Amino acid sequence: MDAAPGRLSHLNASGEVHMVEVGDRPASDRRAVAEGFITMDPRVLALVLEGRAPKGDVLAVARVAAIQGAKRTWELVPLCHPIGLTGLEVRIEPSADGCGLRVEAAARTTGPTGVEMEALTAVQVGLLTLYDMVKSADPAMTIGPVRLLSKTGGRHGTWQHPGAAPS
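Remember, predicted model here, so these are calculated numbers, not experimental data.

Comments concerning the overall build of the protein chain
Check the secondary structure of the protein chain and you find four helices and five strands. With 167 residues in all, the protein chain has 38% of them scored as buried. A sequence separation of at least 24 residues applies to 65% of the contacts in the protein chain between residues at least 6 apart. Accessible area for the protein chain stands at about 9,300 Å²; split by element, carbon and sulfur atoms hold 58% of it.

A closer look at the pairing of strand β3 (residues 100-111)
With 10 of 12 residues buried, β3 is to be regarded as a mostly interior element. Pairing between strand β1 (residues 28-39) and β3: 12 bridges, direction antiparallel. Across the sheet, Val33 pairs through a bridge with Ala106, a residue of β3. Bridge analysis of strand β2 (residues 87-94) against β3 gives eight bridges, and the strand direction is antiparallel. Residue Arg91 lies in a different strand from β3, and its bridge partner there is Glu104. Taking the residues between adjacent antiparallel strands as the criterion, β2 and β3 are bridged by five residues, where Gly98 takes a positive phi near 75 degrees.

What about the environment of Glu104?
Relative to the helices and strands, Glu104 resides in strand β3. With relative accessibility at 16%, the residue Glu104 sits in the buried group. For Glu104 and Leu149, which are 45 residues apart along the polypeptide, the C-alpha to C-alpha distance reads 9.4 Å. Once residues within four sequence positions are removed from consideration, Glu104 is found in contact with Val33, Ala34, Glu35, Glu89, Val90, Arg91, Val123 and Leu149.

Some points on helix α2 (residues 58-71)
For α2, with 14 residues, the first-to-last C-alpha span of 20 Å sits near the 20 Å given by 1.5 Å per residue. Where α2 is buried, its residues meet α1 (42-49), α3 (73-76), β2, β3 and α4 (116-134).

A look at the pattern of salt bridges
The full count for this structure, using the stated rule, is 11 salt bridges. In this structure, the salt-bridge partner of Glu35 is Arg102, at a minimum N-O distance of 2.7 Å. Of this pair, Glu35 sits in strand β1 while Arg102 sits in strand β3; the two residues are 67 residues apart in sequence, bridging distant segments of the chain. You can call Glu35 buried: its relative accessible area is 5%. Among the residues examined, Arg102 registers a relative accessible area of 12% and is labelled buried. A salt bridge links Glu50 to Arg52; its shortest N-O distance comes to 2.6 Å. Among the charged side chains, a salt-bridge network with shared partners connects Glu35, Arg91, Glu93, Arg102, Glu104 and Arg147.

Structural notes on the sheet that holds strand β4 (residues 142-152)
Spatial strand order, β2-β3-β1-β4-β5: five strands in an open sheet with antiparallel pairing. Two strands bound the open sheet, and with one partner strand each, they are β2 and β5 (159-160). Across the sheet, α2 touches β2 and β3, and the angle it forms with β2 is around 145 degrees.

Procedures and definitions
- In this convention, every chain numbers its residues from 1, walking through the sequence in written order.
- Whole-chain, interface and lining totals are the exception, using all residues; otherwise, since this is a predicted model, local features are given only for residues with pLDDT of at least 70 and side-chain atom pairs are given and counted only at 80 or more.
- Only hydrogens and water are removed before side-chain values are computed, so all heavy atoms of the structure are retained for them.
- The secondary structure listing takes helices from DSSP runs of H or I that are at least 4 residues long and strands from runs of E that are at least 2 residues long, numbered from the N terminus.
- Exposed residues in this analysis have more than 50% of their type's maximum accessible area, buried residues have under 20%, and partly exposed residues fall in between, with area computed by a 1.4 Å probe over protein chains only.
- Residue contacts are counted whenever heavy atoms from the two residues lie within 4.5 Å of one another.
- Accessible surface area values rest on a Shrake-Rupley calculation with a 1.4 Å probe, where residue burial reflects the displayed protein chains alone.
- Strand pairing is assigned whenever DSSP detects at least two bridges linking the two strands.
- By this rule, a helix spans an expected 1.5 Å times one less than how many residues it contains.
- Any carboxyl oxygen of Asp or Glu within 4 Å of a side-chain nitrogen of Lys or Arg constitutes a salt bridge here.
- For every element, the axis is a line fit to its C-alpha atoms; helices are fit only across the contacting stretch, and the angle between N-to-C directions ranges from 0 to 180 degrees.

None of the figures reported here should be taken as evidence of function without further support.
This is the structure in structure tokens:
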């Protein structure tokens, strides 16, 4: 049973936490896209983009970490369902303001529940990995904001973040 508007789906009628039942939902193609940012000293950003960071190819490691994070979301977030991802694309690029990096994750599945949490987890783990890889050069890096940009599929159809550019 899904929550009525204004009610949280992970609480039952008595207010107790439970895992949402999705077994009776039809499978549908689902996609979610999330993004997040990390700001850093411009000199550290140059090291990362030029592949000269002391720990090696920072961007490749962060992409792999993001993929691993998405695949393990159900182990990290207590009420998430384990789902079979059919695809996950991770892009890491300089942020538009030139002060850091933007991580974007697009997760896909065919099933009874969405992949928003997997996309968001991929972004977060990718950002944390970027931080870990260059923290000795810039411990003042800042992570955030992180947000869901869009989702498609399921009973609620397509949703786009009001502040995001149309995809």
